[in-house]
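Each chain is listed here by its residues.
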Amino acid sequence: MAAPFHEVRFPLSLSYGSRGGPERRTEIVTLGSGDEERNSLWRHSRRSYNAGPALRRAEDIALLLAFFEERRGPLYGFRWRDTFDHASCALGQQPAPTDQPLGTGDGSTTVFPLAKTYGGAFAPYLRPILKPVAGSVRIAVAGTELPASAFQVDPTTGRVTLAAAPAPGAAVTAGFLFDVPVRFASDRLEIDHQAVLAGVVADIPVIELRR
């Protein structure tokens, strides 16, 4: 059964100033000789963020409470905008249809999942993109951008379906904006009532959802 998810983004006004990023799980064994053996236990990294602590206006706290309660705490997932990593292109640029490789045509395949590649010189990491921003995806085949009518994008899964299968050997690429699927990492939201019109939320931890 798929985990319950609400296709709504955590308010950007509450996430500014947050901290967090990707986490890896690596097993390191030191041998008797002093040499190391390292093994990656996770295929994909997992991101976590924390939007506290910060002094917030009463309006912001009310917004946070409403968002937390509607999600039933950690029960329902939601979208999170990573300020430094939310596009197929370099920070500060606009997505182009040739930003990221999705695959190569074989004459029959029409479905291509969105992905973002990190690195490239040694061991590039291919990250699945599950929550593209609706209307932001641009697709190209063999370097030529397709019109919006030539493909469909599922913004809830990141799967692109082309109207026609690309010819064998034709590169399929994409440019896009995306969010991170997350949930609250705690059942509790603690607010320090420091003033009538302001308060401090010690922690607002969220953690990435993975398939």
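Going by what an unreviewed UniProt entry lists, the chain is known as DUF2460 domain-containing protein and is assigned to Methylobacterium nodulans.

Engineer: Looking at this structure, how should I read the overall build of the chain?
Structural biologist: When its secondary structure is counted, the chain shows two helices and 21 strands. By its C-alpha atoms, the chain is 65 × 60 × 40 Å across when sized along the principal axes. Looking at the chain as a whole, 38% of its 211 residues are labelled buried. Of the contacts formed within the chain by residues at least 6 apart in sequence, a portion of 73% connects residues at least 24 apart.

Engineer: For this particular structure, what's the right way to read the pattern of salt bridges?
Structural biologist: Considering all chains together, one arrives at 14 salt bridges under this definition. Here Arg 9 and Asp 179 are joined by a salt bridge, their closest N and O atoms 3.1 Å apart. With Arg 9 in strand S1 (residues 5-9) and Asp 179 in strand S18 (residues 178-184), this pair connects stretches of sequence that are 170 residues apart. When its relative accessible area of 28% is taken as the criterion, Arg 9 is described as partly exposed. Classification of Asp 179 as buried rests on a relative accessible area of 3%. A network of salt bridges, in which partner residues are shared, links Glu 7, Arg 9, Arg 79, Arg 81, Lys 131 and Asp 179.

Engineer: Explanation requested: the domain arrangement of the chain in the structure shown.
Structural biologist: A common way to report how large an interface is uses the accessible area buried once the components associate. Considered domain by domain, the chain is made up of domain 1 (1-86 + 180-210) and domain 2 (87-178). The C-alpha-based centres of domain 1 and domain 2 are spaced at 27 Å. At the junction of the two partners, domain 1 supplies 17 residues and domain 2 supplies 16 residues. For the domain 1 and domain 2 pair, buried surface summed over both sides reaches about 1,300 Å², with 49% attributable to carbon and sulfur atoms. The largest share of the area that domain 1 buries against domain 2 comes from Arg 79, Asp 85 and His 86, three residues that together contribute 40% of it. For the pair domain 1 and domain 2, the number of links is three salt bridges. Between Lys 131 and Glu 7 there is a salt bridge; the shortest N-O distance is 2.6 Å. Remark: the boundary between domain 1 and domain 2 carries nine residue pairs in polar contact (both at pLDDT 80 or more). For the side of domain 1 that touches domain 2, the secondary-structure elements that each account for two or more residues are S1 and S18. Grouping the constituent residues of the side of domain 1 that touches domain 2 by class yields four nonpolar, four polar and nine charged.

Engineer: Could you clarify how one ought to interpret the pairing of strand S10 (residues 115-118) in this entry?
Structural biologist: Moving residue by residue along a regular strand, the side chains alternate between the two faces of the sheet. As paired elements, S10 and strand S11 (residues 125-128) share four bridges and run antiparallel to each other. Paired with Thr 117 across the bridge in S11 is Leu 126. The turn joining S10 and S11, which pair antiparallel and follow one another in sequence, is formed by six residues; a positive phi near 80° is taken by Gly 119.

Definitions and cut-offs
Residues numbered from 1 in each chain as written. Predicted model: local features only at pLDDT ≥ 70, side-chain atom pairs only at ≥ 80, totals over all residues. Heavy atoms only, no water. Helix = DSSP H or I, 4+ residues; strand = E, 2+ residues; numbered from the N terminus. Buried < 20%, exposed > 50% of the residue type's maximum accessible area, 1.4 Å probe, protein only. Contact = heavy atoms within 4.5 Å. Salt bridge = Lys/Arg side-chain N within 4 Å of Asp/Glu carboxyl O. Domains from an automatic or database assignment. Buried area = accessible area lost by both parts, 1.4 Å probe. Polar contact = N/O pair within 3.5 Å; in protein donor to acceptor, adjacent residues only side chain to side chain. Nonpolar A, V, L, I, M, F, W, Y, C, P; charged D, E, K, R; others polar. Pairing = 2+ DSSP bridges.

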